[in-house]
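# Fold and geometry: a report
Residue strings, one per chain:
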Amino acid sequence: MRFKDSLTTHLRIDAVHQKALQRIGIETVGDLLYYMPARYEDISDVQSVGVLEKGQEAVVYGQLSGLKSRKAWKSRKPIAEGYVEDGSAKMKIMWFNQPYLAKMYNDGTYVKLAGKVAGSEGKLYLSNPEIELLDSLPIDRHDSIFAGTEQHDDTLYPVYRETAGITSRWLYHTVLKLFEKGALETLIDPIPPSILTKYHLPELKVALVWVHSPKKAKDAEAARKRFAFEEVFYIQIQKAQERATVSAAQTYTIKTETRHLAAFTSRFPFALTTAQDNAINTILTDFSGKRAMSRLLEGDVGSGKTAVAATTAYAVVTSRPPEGAGKKIEYGNLQVAYMAPTEILAKQHFESFIEYFHHLPISVGLITGSGCMKFPSKIDPTKPTKISKAQLMKWVKNGEVPILIGTHALIYKSVEFKHLAYVIIDEQHRFGTNQRKKLAKKDARMPHLLSMTATPIPRTLAFTIYGDLDITLLDQMPAGRKPVKTTIVGPGQSKEMYEHVASELTAGRQAYVICPRIEEPDPTKENSLNMKSVIAEAKRLKSDVFPSWNITALHGKMTPAEKDKIMKQFSEHKIDILVATSVVEVGVNVPNATNIIIEGAERFGLAQLHQLRGRVIRGTYQPYCFAVTDSKSEKTRNRLKALVTAKSGFELAEHDLQFRGSGQLYGGKQSGLSDLGMEAIRNLKLVEAARTEAKYLVDFHPDLIKSFPLIAEKVARLGEVLHME
Ligand code: ADP
Ligand code: MG
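Here we summarise the structure given alongside this text. From a predicted model like this one, the values you see are computed outputs, not experimental measurements.

### Quick look at unusual backbone geometry
Of note, the bond from phenylalanine 375 into proline 376 is cis; its omega dihedral lies within 30 degrees of zero at -5 degrees. Mapped onto the secondary structure, proline 376 falls in the loop between strand E11 (371-375) and strand E12 (385-387). In this structure, histidine 200 is a non-glycine residue whose phi angle is positive, near 55 degrees. With respect to the element layout, histidine 200 can be found in the loop between helix H5 (193-198) and helix H6 (204-212). Residue classification places histidine 200 among the exposed positions, given a relative accessible area of 69%. The phi torsion at histidine 573 lies on the positive side, around 65 degrees, for a residue other than glycine. Looking at where histidine 573 falls in the secondary structure, it is placed in the loop between helix H17 (560-571) and strand E20 (577-581).

Shown next as structure tokens:
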């Protein structure tokens with residue numbers, strides 16, 4: 001048996017399961033063995049129903065049946081009763097004074113019950129048990145591969161993430177079947193033994209057994225650490241390769257005189273912050289070297305990344321392309337491509353750039369799915385004008401338009417530059433060397449890359465997902481910004497909040513209301529639930545809370561044009577309250593919107609909440625944020641309180657990592673990391689080790705396919721996933 005083999009060549013799997021497996025990306029033996037348990041449950045305290053005795057505190061797992069309510073014989077007190085069955089026996093259960101319980105659960109429901117065994121011999125029952133609903137029963141240890149070995153003391157069973165058609169239990173048994181059929185026998189560990197020994201990591205065979213069927217918690221942990229290392233290691237190798245490719249490529253060396261630049265920045269209606277100044281200088285230093293820059297600019301919303309982008313773009317577009325050997329230069333300056341994730345943002349950047357460049361003989365183009373524009377217009381040089389895509393593409397290709405701003409439309413094949421020297425990506429994760437190279441097309445030179453993000457992520461995660469980039473922080477807000485006054489709003493406290501927001505609206509301000517994003521059960525019908533929750537909240541606010549204000553919902557099911565229209569109306573103050581989900585249009589600048597209500601705040605990471613409230617810091621008015629939670633949990637309230645005290649998004653991101661677990665990190669989902677990989681992010685040493693080893697491997701074995709074919713294969717697969725978009 002080989003990892004590459006299709007599962008169905010070794011196991012009989014019915015069509016339903018096959019389909020479900022496909023949905024979660026499991027096709028081969030290897031896919032399944034690398035489908036890791038999400039967690040483990042300890043069942044050392046579980047008893048079989050068949051052996052229970054009177055007076056015992058018991059924990060049992062089973063299925064419910066025969067639930068009904070009745071009145072007790074003498075006392076006439078209401079009782080809910082039924083049975084629990086676990087394969088060994090069936091036992092009665094009774095809840096006194098809680099007759100409604102009988103209606104709450106259906107026959108056949110899987111449960112964990114904890115209660116006292118009462119009654120008399122032959123008529124035992126479980127009295128007032130606590131009930132926990134389960135998706136499936138725990139693994140039946142009798143058919144575990146360890147069954148029969150006398151000394152087995154394993155009480156952990158793995159719990160896998162389930163999907164429609166597949167239970168955790170089924171996954172576990174299928175993995176065991178693979179083990180029995182010898183899946184581990186011919187296995188070769190891709191990780192060199194020297195690395196395993198150095199970091200005390202179990203080899204692949206052992207790790208697979210430990211992770212799927214651990215005898216001890218310690219073993220499971222060691223195995224998980226190994227797989228986490230492995231995952232981060234491959235990513236780091238890929239990043240190191242990207243770095244090597246970029247370093248090897250020719251680029252444009254751009255030398256800028258600071259004096260020259262000062263003339264540009266002195267026109268700004270503000271003084272640059274020290275952080276902005278430093279970032280600009282760092283980028284200019286990168287430009288002046290022989291290697292293409294790969295840099296990430298991380299700064300909270302409102303920290304002024306656009307000014308950094310514009311200033312450095314200016315340095316590029318005022319530079320001439322180098323002379324080819326002996327050839328006469330064909331004119332046209334160096335060019336800049338600036339990509340934004342949405343049309344709204346692309347347009348906003350286009351407008352900002354017009355502000356920054358209107359006094360210069362430098363044209364700016366805009367390309368989005370819904371059309372193209374150019375500044376200045378031939379007819380009115382103070383305004384932009386709509387032009388055809390063909391016309392714009394012609395000017396970009398011959399170098400007449402040095403700055404092109406756009407959405408993803410920028411990287412379509414039909415867009416060709418003459419001398420693309422600088423690519424700026426706003427709020428765009430994962431932009432690989434390939435895409436960068438593709439943008440440059442026929443041009444042999446690798447453009448410099450600046451990736452900008454407001455997503456505060458912890459250092460370890462940045463190391464991993466941006467491993468190929470140098471990182472610069474914009475950790476300073478422009479002077480005079482009023483920090484957001486943040487209030488945690490608990491159950492029953494919304495009246496005050498609404499009163500406050502109403503007074504703000506009366507004073508002429510605007511507000512955002514953010515509804516938590518709902519996970520869609522059916523991925524083919526994306527956004528339908530979220531749309532409903534947003535629309536319902538807008539309706540409720542209109543009818544119950546703010547009847548005299550203009551309220552509009554914005555959601556993902558709208559076309560870009562519809563969204564655009566609403567955002568425009570909001571920025572023109574034709575709308576007072578905008579209701580949206582958290583994913584809609586981060587970064588849009590409406591200075592008059594100074595209030596933000598975030599519903600279901602406990603569902604968000606702190607860093608993400610911070611980013612959301614960043615939308616209201618733009619103006620000169622005092623901004624307010626209300627983090628609304630229905631949670632009564634002390635822990636949740638305390639976690640949210642960090643929002644009131646924290647200084648920056650990065651502080652909150654580290655906080656999230658420590659207190660909430662890496663799975664909740666904003667940016668995690670988009671990172672392409674598995675749950676296990678995200679777990680690894682909590683471990684700085686592990687990430688650093690993977691980074692060091694990866695660098696070493698790439699430096700000393702440039703021909704990875706020859707030296708480490710198994711690793712090369714894994715990295716190549718990763719490449720496909722990470723560069724899909
Ligand atoms: P972000 O980092 O979120 O992209 P922007 O670049 O959109 O932030 O800047 C937010 C606002 O702050 C803009 O209106 C911009 O003109 C302004 N701004 C940028 N830098 C400064 C500064 N140093 N002082 C004052 N205002 C600034
Ligand atoms: Mg921005």
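### Quick notes on the sheet that holds strand E6 (residues 123-134)
One key point about sheets: their strands pair by backbone hydrogen bonds, in either a parallel or an antiparallel sense. Pairing within the closed barrel is mixed, and its 5 strands lie in the order E2-E3-E4-E6-E5. Direction aside, the axes of adjacent strands within the sheet are offset by 50 degrees on average. Sheet topology places strand E5 (residues 110-120) next to E6; 10 bridges connect them, and they run antiparallel. Within E6, the position partnered with valine 111 by the bridge is leucine 133.

### Considering the packing of helix H18 (residues 606-613) against helix H20 (residues 649-659)
H20 packs onto H18 with a crossing angle of 155 degrees between their chain directions and a minimal axis gap of 7 Å. Accordingly, the angle class assigned to the pair H18 and H20 is roughly antiparallel. On H20, the residues touching Leu606, Ala607, His610 and Arg613 of H18 are Gly649, Leu652, Ala653, His655 and Asp656. The residue inventory of the contact of H18 with H20, partitioned by class, reads 4 nonpolar, 3 polar and 2 charged.

The rules behind each value
Each chain carries its own residue numbering, running from 1 in the direction its sequence is written. Chain A is the first chain written and ligand 1 is the first ligand written, with later ones labelled in order. In keeping with the predicted nature of the model, local features appear solely for residues at pLDDT of at least 70, side-chain atom pairs appear and are counted solely at 80 or more, and the whole-chain, interface and lining totals rest on all residues. Values reported for side chains reflect all heavy atoms of the structure, with hydrogen atoms and water molecules removed beforehand. To qualify as a helix, a DSSP run of H or I must reach at least 4 residues; to qualify as a strand, a run of E must reach at least 2; elements of each kind are numbered from the N terminus. Three labels apply to residues, based on accessible area from a 1.4 Å probe with only protein chains included: buried if under 20% of the type maximum, exposed if over 50%, partly exposed otherwise in between. Strand pairing is defined by DSSP finding a minimum of two bridges between the two strands. Convention adopted: a line fitted to C-alpha atoms gives each axis, helices being fitted over their contacting stretch, and angles between N-to-C directions are expressed from 0 to 180 degrees. Each angle receives one of four descriptions, namely roughly parallel if under 35 degrees, roughly antiparallel if over 145, roughly perpendicular if within 65 to 115, and oblique otherwise. Here, residues are in contact when the closest pair of their heavy atoms is within 4.5 Å. Under the scheme applied here, ten amino acids are nonpolar (Ala, Val, Leu, Ile, Met, Phe, Trp, Tyr, Cys and Pro), four are charged (Asp, Glu, Lys and Arg), and all others, including Gly, are polar.

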